[in-house]
Amino acid sequence: MARVAPYLRIAALALLLAFLLQPQRFAPLFAPLTQYGAPAIYDQGNLLELTLAHLGTVLLAAAASTIVAVALGIGVTRQSGAEFLPLSRTLVNVGQTFPPVAVLALAVPLVGFGEKPTLIALFAYGLLPIFENTIVGLKSCPSALLEAASGMGLSNWQRLRSVELPLAMPMILEGVRLSLVINVGTATIGSTVAAKGLGEVIIAGLLSNNTAFILQGGLVTGLMAILLYDAMAVLERRHFGALRVD
Amino acid sequence: MISIENLSKQYGTARVVDDVSMTIDPHTITVIVGTSGSGKSTLLRMINRLVEPTSGRVLIDGADTAGEPAHLLRRRIGYAIQSHGLFPHRTVAENIATVPELLRWERARIRGRVEELLTVFQLDPATYADKFPHQLSGGQQQRVGVARALAAEPNVLLMDEPFGALDPIIRGKAQEDLLDIHRRYGTTVILVTHDMDEAFRLGDRIAVMSAGKVLQYDRPAVLLTQPADPFVARMTGSADRALKLLSLTNVSEAAKPGTAPGPPIPESASLRDALSELMWRGTESAGIIDASGQPAGCVTIEAILAHGRAH
Amino acid sequence: MNVSRRTKFDRLGALLALFALIALVFMPFVVAKANRIVPGTSLGLLAAVPLSTAIGVIAAVLVAACIAVILASPGLRLASATLAVVIVSLAVAAAGSALTPLGNKVVRIAPGSGFWLLLCSLGLMATDAITRLRPGPLLRVVLLLAFVGIALAAFAHGTFDHLSVMREYAVNATRFSHEIAQHLWLALGSLGTAVVVALPLGVLCHRVPRLRGAVLGTLNLIQTIPAIALFGILMAPLAALATAYPLAAALGIRGIGTAPAIIALFLYSLLPVVANTVLGLRRVSPAAVEAARGMGMTPAQILKSIELPLALPVILTGIRIVLVQNIGLVAIAALIGAGGLGTFIFQGIGQTAIDLVLLGAVPTVTLAFSAAVLLDALIEAMDRTRP
C-alpha cells in the first residue's frame, strides 16, 4: 500500500484539478443523477473560485489558530504559567464537547453574516486540538534532555527553540493536521451564514433536489480534506520522521 | 505418566522441534534446558496443545491428548508462564478460582481451595484474597500465578521459565517453594528454563535441547559425568562441575563407620555443604547424625574428594 | 509548588477578576427592546435593576474577585464564584421584570455583553476551582446534576420568564419539548445501532489483521465527507425508495427528515467505535490472554471474560466521542428537516434572532457537555485496573 500511495495521491490531485478547471467535461458522469433536465454541473458560480475561497478560509483560520494555540501552549507549560495549566486542560476537554454549528451560530449575532463568523468559528474550533497537542508535546520532553540543555548553558529561550519545540513539533503538526481536516468539513456549514465556499454547492443541491450538485460539493470537499491530511503526513514524515516516537 | 512420541513442529521449512521422544515418570520434576531458539518452549506447549504438533503424539496416562477438545485437556493441566498473566481486572481470589469455576465446582469447595493455596504459598488469605494483581509485588504475583495453575488439582503442571522475572534473592526462595509444593502435592512438573543451575537444583531428570533435538535426557549426575554431546558438556561442565556433582550427592553416601570430634553434620546435607563446612572449620573429618539425632558414621575430606573426581 | 509561595496573589484569578470588573462597570448589563424588531438600548447595571439588587450584585462580584485574587483555597473560591453566578443570574432576571411594564408581552429584555462576560469570568473562576479540587467521578456527576438541576428548576419556576429567551420559549414551548426529544432520540438511536454493528466489526478487525486496513480506511474516508453532503447524498436514494415501495413511505422513510439523518449518523458513528475497539483489544496484556488459553478457556470465553472487560474503558471512550459528535451533527441535520434543536438555531440565523439561536444552541451544548461528563465518570468508575 505504501508504494501505491504516492501514485494515488497524484492521481487524486490530478482528478480534482481536472474537475475544477474543466467541470463541464464531467457532465455526462453526473447527468444520470439529475431529474427533469436540471443542470448536471453546478452553474451558479465558478467551482474553482468557490474551492479556492473555501480553502482560503480554512487555511487562514488554521494559520491564526496555530499561532495563537502554540503561543498559548508554550506560555502555559512554562514555570511562570503553571497556574494556568489545570484550567487550560479543563477548557480543552470542555471545549471539545461544543458542537461546531453552535459556535458558528453564536458568532453570527456578534459579527454579522459572511466570512467573519465562519472564520471565528473555525479559529475557535481549530484552537483546541493544536493547543492540546502543543501542551502534550512540550510536556513529554524528557526532563533529562532539558537538564542537559540547561547544563550546557542554553538560556530558557534557546532551550525552547532548539530542544523543546523541535521535539514537540511532530505532535503539534499532528494537531494542526487534525484541525485542518475537521475545519474543511465544518466550513461547509459556513455557507448557511453566507460565507463563500463549497457548502453553497451542497445547499443549492439540497434546495433544488439536485443530487449531482450535492455530490460535487461533497466529493470536492472530501478530496480536499484527504489531500490536506495526506500532505501534512508527508510533511511530518519528511522533516520530523526521526523524532517520531510511535 | 507422560509419553512424548516422535513429536515434531515445523514452521515452513524450519523444524523448531525435531522428532523428540521421551517418557516422563509420574510425581517427578523434569527440567527442559536449552538456549533461546532451541525449541524448548514449543515442546512444552505441544503437551497442552497450545501449539499443535506437525507430527507425533503425546500420551498422558495412556490416552492420546489429541483425542479430546484442546480446551478441555488444558483444564486438567496446570500452566504457569514467566509473565504470570494474572487477570488485572480480577482479584487474587478470583484469579485463582478461574479453572475451578470453568469446571463448575461448588462455591464452598472453590473457596476452601483458594484459602488452602494462599496459605501454602504464604499469602495470608484475609489480607490478599481481595487484592488486585497490581497491588502485589513481583514475587507475590509469581506465587499467585503458580497457585492459579494448581487450583484445579491437576496431575501435571507445565511451567515456562516461571522464575525468570524474579530477582536472584527471591528466585532462590521461589525454587525452594516449588520443591515444597511438589513434595506436598506430588504433581508431575515439567519446567522449561535456560538456567542450568536452576535445572540442577530442581530436576529429577534433565533434558538438554538444542536446535529442536533432545541431546540427552537423564539424571543430573549422569549429565555431569557422562555428557552425551559436547554441547551438553559445555552447558553443564563449567569450572565448578565437580562441586555441582558434590551438591547432588547426600553426605550419607560417603559415610564411613566411626566417630569424629566436633559438632556433627546432618545426614540431609549435601557433600558440597559438608566440604564447605570442613574447610571452614579447618578439620579433616566430622561426625554425621540422622534425622532423629542418632550418630550415623563420619565423613572425611578425602572421601568427599573421591566422590568429586571424574568417573 | 514553589510558584505560589513567591507570588502572593493568583494571576489567573487576577485576570478573571479584571474581566469581571470590566464587565460590571463598563459594559451593558441588558439590552432592552420595545419589540422584537427594533434595535435595542443598552443599559448598565445601575440603570437596569433596583438599587438594592445592584448593590447585592456588586458586593457578590467584588467578594468573588478578591477571593480569586488573594486566597488559594479551592473550596472557598468555588463557593464565592458560584454564589456570585447565582446572584448575577437572579439580577438579570430581576432586570427583566423591572424593565417590563406590567402585562406587556411585546417588550424584549436580553442579557447584554456585560452579563455574558461577567458570567464567563465567574464561571471560569468556578471551573478553575473545581479543577484544582480534583473531584472523583461521583462528585463530578453530583456537581453536574446539581448545577443543571438548579438551573432547570429556576427556569421552570419562571424566574427568567421576563427575558427574551424565555419569551421565545413561551411561543415555542410544545415544539421545544418535541425537538429536544427528537434530538436525543436521533443521537442515541444512531449510537445504539452503530455500537451493535461496530463492536463485532472491531473484534473481527482485531482477529483478522488484514481486514483492519481496509475497514478503517473506508470508515476514515466516510469521516472526511462533510455532514450536509452525506445527508444530501442519502436523500435521493431514500426518496426513490419511498416512491418505489409504498410500505417504506408508510414506515416514515422519506427522502428528507429522519431517515437520511439516522443513516448518516450511523455511518459517522462507526469509525470511533471500531477504531477504539481495535485499540482497546490490542492493549489487553498478551500474557493474560496466553494464560487464559493455557488454562482451557475457549476463544469465546476469553473474549467475554478477559478481552472485552479489559478493553472496555477504551471502547467506552469511543462511545463517548461518538455521542458528543452525534449531538452536534443532529443540530446540522435540521437543515434537511430531521428536527432537533438545530431547527431553532437555523431559524434564529435566518431571522437574525439571537434568542432563537440561544434557545437551540444552549441546550445542545449542555447536552453534549453533560454526556461527556457522565460517560467520563462512568469510564473512570468502572476501571478496576487503575492503581
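Residues numbered from 1 in each chain as written. Chains lettered and ligands numbered in written order. Predicted model: local features only at pLDDT ≥ 70, side-chain atom pairs only at ≥ 80, totals over all residues. Heavy atoms only, no water.

Before going further, it helps to spend a moment on the overall build of chain C. Tallying secondary structure elements over chain C gives 17 helices and three strands in all. Considering only C-alpha atoms, chain C reaches an extent of 75 × 65 × 30 Å along its principal axes. Looking at chain C as a whole, 48% of its 387 residues qualify as buried. Counting contacts in chain C only where the partners sit at least 6 residues apart, residues at least 24 apart contribute 77% of the total. With an accessible surface of roughly 17,800 Å², chain C has 73% of that area assigned to carbon and sulfur atoms. Of the side-chain charges in chain C, 25 are positive and 11 negative, and the distance between the mean point of each set is 4 Å. (Helix = DSSP H or I, 4+ residues; strand = E, 2+ residues; numbered from the N terminus. Buried < 20%, exposed > 50% of the residue type's maximum accessible area, 1.4 Å probe, protein only. Contact = heavy atoms within 4.5 Å. Areas by Shrake-Rupley, 256 points an atom, 1.4 Å probe, with all protein chains shown as cover. Lys, Arg positive; Asp, Glu negative; His and termini not counted. Charge placed at Lys NZ, Arg CZ, Asp CG, Glu CD.)

This part is about the confidence of the model for chain C. For chain C, mean pLDDT is 86; residues scoring 70 or higher make up 95% of the total. With a pTM of 0.82, the predicted complex shows an ipTM of 0.80. (pLDDT = per-residue confidence, 0-100.)

A surface patch of nonpolar side chains, about 580 Å² in accessible area, is lined by Leu15, Leu18, Phe19, Ile22, Val25 and Phe26 of chain C. For valine 25 of chain C, the location among the structural elements is in helix H2 (residues 11-26). (Patch = residues over 30% accessible without salt bridge, like charges linked within 9 Å, V, L, I, M, F, W, Y side chains within 5 Å. Salt bridge = Lys/Arg side-chain N within 4 Å of Asp/Glu carboxyl O.)

Glancing now at the pattern of salt bridges. Inspection of every chain in the model, using the stated rule, returns 26 salt bridges over all chains. With its nearest N and O atoms 2.9 Å apart, the salt bridge here joins arginine 57 of chain B to glutamate 5 of chain B. With arginine 57 of chain B in strand S4 (residues 55-60) and glutamate 5 of chain B in strand S1 (residues 2-11), the pair connects residues that are 52 residues apart, well separated along the chain. A salt bridge links arginine 320 of chain C to aspartate 376 of chain C, with the nearest nitrogen and oxygen atoms 2.7 Å apart.

All names here are of chain B. The six strands lie next to each other as S6-S7-S8-S3-S9-S10, forming an open sheet whose pairing is mixed. Both outer strands of the open sheet, strand S6 (77-81) and strand S10 (213-218), are each paired with one neighbouring strand and no more. This sheet shows a mean twist of 15° between the axes of neighbouring strands, independent of strand direction. Where S6 meets strand S7 (residues 156-160), five bridges bridge the pair, whose relative direction is parallel. Among the inter-strand pairings, tyrosine 79 is bridged to a residue of S7, identified as leucine 158. (Pairing = 2+ DSSP bridges. Axes fitted to C-alpha atoms, helices over the stretch in contact; angles between N-to-C directions.)

Our next topic: the interface of chain C and chain B. With 20 residues of chain C at the interface, the matching set in chain B holds 25 residues. The junction of chain C with chain B conceals about 1,900 Å² of combined surface from both sides, 62% of it contributed by carbon and sulfur atoms. Seen at the junction of chain C and chain B, the total is one salt bridge. For glutamate 290 of chain C, the salt bridge is made with arginine 45 of chain B, and the minimal N-O distance between the two is 3.1 Å. Across the chain C-chain B interface, the total number found is seven residue pairs in polar contact (both at pLDDT 80 or more). Where the side of chain C that touches chain B is concerned, the elements lending two or more residues are helix H14 (286-295) and helix H15 (299-333) of chain C. Looking at the side of chain C that touches chain B, its residues break down into ten nonpolar, six polar and four charged. (Buried area = accessible area lost by both parts, 1.4 Å probe. Polar contact = N/O pair within 3.5 Å; in protein donor to acceptor, adjacent residues only side chain to side chain. Nonpolar A, V, L, I, M, F, W, Y, C, P; charged D, E, K, R; others polar.)

This brings us to the confidence of the model for chain A. When pLDDT is averaged across chain A, the result is 83; 94% of the residues are at 70 or more. The spread of mean pLDDT over the elements of chain A runs between helix H2 (residues 27-30) of chain A, the lowest at 74, and helix H3 (residues 47-77) of chain A, the highest at 91.

A few words now on the packing of H3 of chain A against helix H8 (residues 156-186) of chain A. Residues and elements named next belong to chain A. The geometry of H3 relative to H8 is characterised by a closest axis approach of 10 Å and an angle of 145° between their N-to-C directions. Remark: the crossing between H3 and H8 carries right-handed chirality. Taken together, the residues of H8 that come into contact with H3 (itself represented by His54, Val58, Leu59, Ala62, Thr66, Val70 and Ile74) are Leu160, Leu165, Ile172, Val176, Leu180, Asn183 and Val184. Its residues assigned to classes, the contact of H3 with H8 shows eleven nonpolar, three polar and no charged. (Left-handed = near helix turned anticlockwise from the far one by under 90°.)

Moving on to the nonpolar core. Leu219, Phe231, Ile332 and Ile349 of chain C are the most contacted members of the largest nonpolar core, which has 67 residues in total. The biggest single contributor to this core is H15 of chain C, with eleven residues. Contacts of isoleucine 332 of chain C, omitting those with residues within four sequence positions, involve Val101 and Ile189 of chain A together with Ala227, Ile228, Phe231 and Phe346 of chain C. Residues Phe87, Phe121, Ala129 and Ile206 of chain B belong to the second largest nonpolar core, which totals 64 residues. (Core = buried A, V, L, I, M, F, W, Y, C linked by side-chain atoms within 4.5 Å.)

With 25 residues, helix H6 (residues 115-139) of chain A ought to run about 36 Å at 1.5 Å a step, and its terminal C-alpha atoms sit 36 Å apart, in line with that. Residue leucine 127 of chain A marks the point of greatest curvature in H6 of chain A, where the axis turns by about 25°; the proline proline 129 of chain A follows within four residues. (Expected span 1.5 Å × (residues − 1). Bend = angle between axes of the 7 residues up to and from the residue.)

Time to look at the environment of leucine 139 of chain C. Take leucine 139 of chain C: it is sitting in helix H7 (residues 137-157). Distance in space between the C-alpha atoms of leucine 139 of chain C and leucine 359 of chain C is 29 Å, their sequence separation being 220 residues.

Residue and element names in this part refer to chain C. Neither face of strand S3 (residues 108-111) is open: one carries Arg108 and Ala110, the other Ile109 and Pro111, and all of them are buried. Pairing between strand S1 (residues 30-33) and S3: four bridges, direction antiparallel. Note that in S3 the partner of valine 31 across the bridge is alanine 110.

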